[in-house]
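# Results of the structural survey
Here is what each chain is made of, one letter per residue.
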Amino acid sequence: MAYDEEDYLMLSGIQHFEFCRRQWALIHIEQQWEENYLTVSGELMHEKAHDKDFTEKRKNVIITRGMPIFSREMGISGECDIVEFVRDDKNGVEIFGREGHYSIEPVEYKHGELKEADIFQLTAEAMCLEEMLCCEIKYGYIFYGKTRKREKIELTEEYRNQVKKDFEEMHGYFKRKYTPNVRKTKACNACSLKNICLPKMNTFKSAKSYIDFMIGEE
Ligand code: SF4
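What comes next is a walk through the structure. (Residues numbered from 1 in each chain as written. Predicted model: local features only at pLDDT ≥ 70, side-chain atom pairs only at ≥ 80, totals over all residues. Heavy atoms only, no water.)

Each helix and strand in the protein chain was counted, giving seven helices and eight strands. Counting only residues that meet the buried cut, the protein chain has 44% of its 218 residues in that class. Considering only residue pairs separated by 6 or more positions, the protein chain has 59% of its internal contacts joining residues 24 or more positions apart. With the model as given, the accessible surface of the protein chain reaches about 13300 Å², and the carbon-plus-sulfur share is 50%. (Helix = DSSP H or I, 4+ residues; strand = E, 2+ residues; numbered from the N terminus. Buried < 20%, exposed > 50% of the residue type's maximum accessible area, 1.4 Å probe, protein only. Contact = heavy atoms within 4.5 Å. Areas by Shrake-Rupley, 256 points an atom, 1.4 Å probe, with all protein chains shown as cover.)

Bringing the site of the ligand into the picture now. Every residue lining the ligand is accounted for by F19, C20, Q23, V182, R183, C188, C191, K194, C197 and P199. For the shell around the ligand, the residue count by class is seven nonpolar, one polar and two charged. (Near = heavy atom within 4 Å. Nonpolar A, V, L, I, M, F, W, Y, C, P; charged D, E, K, R; others polar.)

Turning our eyes to something else, we now look at the pairing of strand β3 (residues 61-71). Along β3, eight of the eleven residues are buried, which leaves the element largely enclosed by surrounding structure. Of the strand pairs in this sheet, strand β2 (residues 55-58) and β3 are connected by four bridges, and their pairing is antiparallel. Across the sheet, the residue bridging to T55 is T64, located in β3. Count of turn residues in the β2/β3 antiparallel hairpin: two residues, of which K59 carries a positive phi of about 50°. The pairing of β3 with strand β4 (residues 76-87) spans ten bridges and is classified as antiparallel. (Pairing = 2+ DSSP bridges.)

Let's shift gears to the nonpolar core. Core analysis: the largest hydrophobic core is formed by 38 residues, its most contacted members being W24, I76, F85, I104, L129, V163 and F167. Broken down by secondary-structure element, the contributors of at least two residues to this core are α1 (13-19), α2 (21-28), β3, β4, β6 (101-110), α4 (116-133), β7 (139-144) and α5 (157-176). The biggest single contributor to this core is α4, with eight residues. Leaving out residues up to four positions away in the same chain, F167 has contacts with L9, M10, L11, I14, M74, I76 and A124. (Core = buried A, V, L, I, M, F, W, Y, C linked by side-chain atoms within 4.5 Å.)

Here the focus is the pattern of salt bridges. Under the criterion given, the structure shown has nine salt bridges. Among the ionic pairs, R87 bridges to D89, the shortest N-O distance being 3.1 Å. Residue classification places R87 among the partly exposed positions, given a relative accessible area of 33%. Assessed through its relative accessible area of 46%, D89 is described here as partly exposed. (Salt bridge = Lys/Arg side-chain N within 4 Å of Asp/Glu carboxyl O.)

Moving on to α4. The terminal C-alpha atoms of α4, which comprises 18 residues, lie 26 Å apart, in line with the 26 Å expected from a rise of 1.5 Å per residue. Most of α4 is tucked away: 14 of the 18 residues are buried. Immediately downstream of α4, the backbone of C134 shows phi near 50°, a positive value. (Expected span 1.5 Å × (residues − 1).)

Turning our attention to the packing of aromatic side chains. Following the criterion strictly, the structure yields seven aromatic pairs and no others. If you follow R150 out to its NZ or CZ, it ends over the ring of Y141, 5.0 Å from the centre. Sitting over the ring of F174, K177 keeps its end group 3.9 Å from the ring centre. (Phe/Tyr/Trp six-rings, centres within 6.5 Å; stacked < 30°, edge-to-face > 60°. Lys NZ or Arg CZ within 6 Å of the ring centre and 35° of its normal.)

Next up on the list: the side chain of E108. For E108, the location among the structural elements is in strand β6. For E108, a relative accessible area of 1% corresponds to the buried category. At a separation of 3.4 Å, a polar atom in the side chain of E108 contacts the side chain of K110. (Polar contact = N/O pair within 3.5 Å; in protein donor to acceptor, adjacent residues only side chain to side chain.)

See the structure below:
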């Protein structure tokens, strides 16, 4: 199946979806957003990585920033922080306007520490590049600002299947304009939308118990 362009979802939404399905729906269906320290520092890191006019050649590697990507099959679009085209005349693919063959390695920039949601985002980016450039990408990298380390990530079948499953589910929610109910977890404490989502409200069985609690709190 191929999605129409007007139905494409944001690729980067997979991080929100993996964090909490309700958070994804609040942002991507209801268009609600609130910044916190984590979202701002993440944004600043991406600004540095996304200089669209930037293409650099270092020895046998061509580096591009902010490359637009999409997948018709998954119905998504987005941008890669960095894509490295590494000269590989044995196993690589041809790149328009360049001599030789290249293997393709996406690099994602993150401010925190290694998380599975980041791996799903990187995998989705690689799957888009594979579809666009008719190539196979076995691994990519995530650079973490906190550790200043580049982690090499193998893009396994399990990650790829989860990515496809997530986007199918997201398209289903988006079509129905469905926002899942609160499921209060530890993640709520770090959630940038907790003041909009109000997860605490869900612990009250009735309006009366909420009012009693609030009056008692003062
Ligand atoms: S506060 Fe909790 S339930 Fe609400 S959107 Fe955030 S993580 Fe999800």
